[in-house]
Amino acid sequence: MVDPNYAPITTGEFQLFAKLIYKIAGIHLRDSKIALVSNRLRKRLKALDLGSYREYYDYISKNDSKAQSEIMHFIDAITTNETYFFRHETDFDFLRTTVIPEVEKRQLARNKNIKIWSSASSTGEEPYSIAMTVAEALDEIPGWNIQILASDINTTVLSNAEKAVYGPYAVSRLNNYAINKYFDRQKPATPAGEEKYLVKPHYKKMVKFKRHNLKESMNVMKFDCIFCRNVLIYFDNESKTQVIQNLYNALNDGGYLILGHAESLMRIKSNFKYVRPSIYKR
Ligand SMILES: C[S@@+](CC[C@H](N)C(=O)[O-])C[C@H]1O[C@@H](n2cnc3c(N)ncnc32)[C@H](O)[C@@H]1O
């Protein structure tokens, strides 16, 4: 999309943004993303009334409070947030049939705690799918304390996630029975509008949200299972190694790491044991 009000982004400007997002988030921006990045950043140029991409780069590179808050918009503009409920259903089957029974066995004599982290949660479909799966497996058993943490580097997706209100795309892989079980339906406000799907309060209250950059270590608690799906693809091997070490440190012994289906730990050093494609164990 060409906007006559702005000179197109130059390769040099694109490289500056690529270096910056790599430094902040570990995301490796391929050259093929130049059109996508320029379209997304143009909205920020307009919002701040800046005349060029270089001016925008200088704006966010300053060490002041305006730059700090704009950096959040910059990250939000660069990240890709595609997701939907029960994406790769077999991962939720694995959670139900392997992770939860193992945690139950380990914890029989102790406090009944299960802690799961959705570490690149985007707009919340993944952590709520986890809540729905865990609730079904453990809810009827008295005394279980279910903790699900959802985090992302992008603050816009996190605030949408907390609202727990979705459109038809997010639930498009679910049948009517599942939709009625997990969501309250809200009729469209206008004849041309879309139906909305509100996560039922029972599942909504199981998930806590927090901004977290995967490049940093997670010191809040240790988890029995971490979902880190469809984000490693954006990292190069160096960032990936750092992220995987952070995730390893955040897991209890015997805990599982679940990656996206196109992702693996091949070509990076880690102490994880391979379980099956895209699933690893500490
Ligand atoms: C494609 S979405 C994946 C959503 C979900 N996990 C799934 O598989 O459906 C990738 C998410 O990773 C987040 N992300 C990218 N870099 C990150 C980082 N360094 N730390 C935390 N989250 C990051 C993005 O903001 C985005 O919401």
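Here we summarise the structure given alongside this text.

Reading the values: rules and limits
- Residues numbered from 1 in each chain as written.
- Predicted model: local features only at pLDDT ≥ 70, side-chain atom pairs only at ≥ 80, totals over all residues.
- Pairing = 2+ DSSP bridges.
- Helix = DSSP H or I, 4+ residues; strand = E, 2+ residues; numbered from the N terminus.
- Buried ≥ 20, exposed ≤ 12 C-beta atoms within 10 Å, placed from the backbone.
- Near = placed C-beta within 6 Å.
- Nonpolar A, V, L, I, M, F, W, Y, C, P; charged D, E, K, R; others polar.
- Domains from an automatic or database assignment.
- Axes fitted to C-alpha atoms, helices over the stretch in contact; angles between N-to-C directions.
- Contact = placed C-beta atoms within 7 Å.
- Arc of directions from axis to C-beta.

Our next topic: the sheet that holds strand 4 (residues 183-186). Read across the open sheet, the 3 strands follow the order 3-5-4; overall the sheet is antiparallel. Unpaired on one side and paired on the other, strand 3 (165-166) and strand 4 mark the two borders of the sheet. Bridging between strand 4 and strand 5 (residues 196-199) involves 4 bridges; their strand directions are antiparallel. Within strand 5, the position partnered with Arg185 by the bridge is Tyr197.

Moving on, we come to unusual backbone geometry. Even without glycine at this site, Phe86 takes up a positive phi of about 55°. With respect to the element layout, Phe86 can be found in the loop between helix 4 (65-78) and helix 5 (89-107). Taking the number of C-beta atoms within 10 Å as the measure of exposure, Phe86 has 21 and is therefore buried. A positive phi angle, near 70°, is found at Arg267, a position not held by glycine. Positionally, Arg267 belongs in the loop between strand 8 (251-259) and strand 9 (273-276).

Turning our attention to the site of the ligand. In the vicinity of the ligand there are 24 residues, among which Thr79, Thr83, Ala120, Ser122 and Arg229 approach most closely. The residue makeup of the shell around the ligand, split by class, is 8 nonpolar, 10 polar and 6 charged. Mapping the shell around the ligand onto the domain boundaries places at least three of its residues in each of domain 1 (11-78) and domain 2 (89-281).

Time to look at the sheet that holds strand 1 (residues 113-118). Strands sit in the order 6-2-1-7-8-10-9 across an open sheet of 7 strands; the sheet is mixed. Strand pairing shows two members of the sheet lacking a second neighbour, strand 6 (207-211) and strand 9, which therefore form its edges. In this sheet, adjacent strand axes meet at a mean angle of 20° when their direction is disregarded. Two elements, strand 7 (residues 223-228) and strand 8, share 5 bridges in a ladder whose sense is parallel. Note on strand 8: the bridge partner recorded for Cys225 is Tyr256. The sheet strands contacting helix 7 (residues 155-163) are strand 2 (145-152) and strand 6, and the helix crosses strand 6 at an angle near 165°.

Before going further, it helps to spend a moment on helix 3 (residues 53-61). When we look at burial in helix 3, the residues that qualify are Tyr53, Tyr56 and Ile60. For helix 3, the buried positions fall inside an angular range of 55° around the axis, keeping them on one side. Exposed residues lying more than 90 degrees from the buried face of helix 3 are Glu55 and Ser61. Packing partners of the buried residues in helix 3 comprise helix 1 (11-25), helix 2 (34-48) and helix 4.

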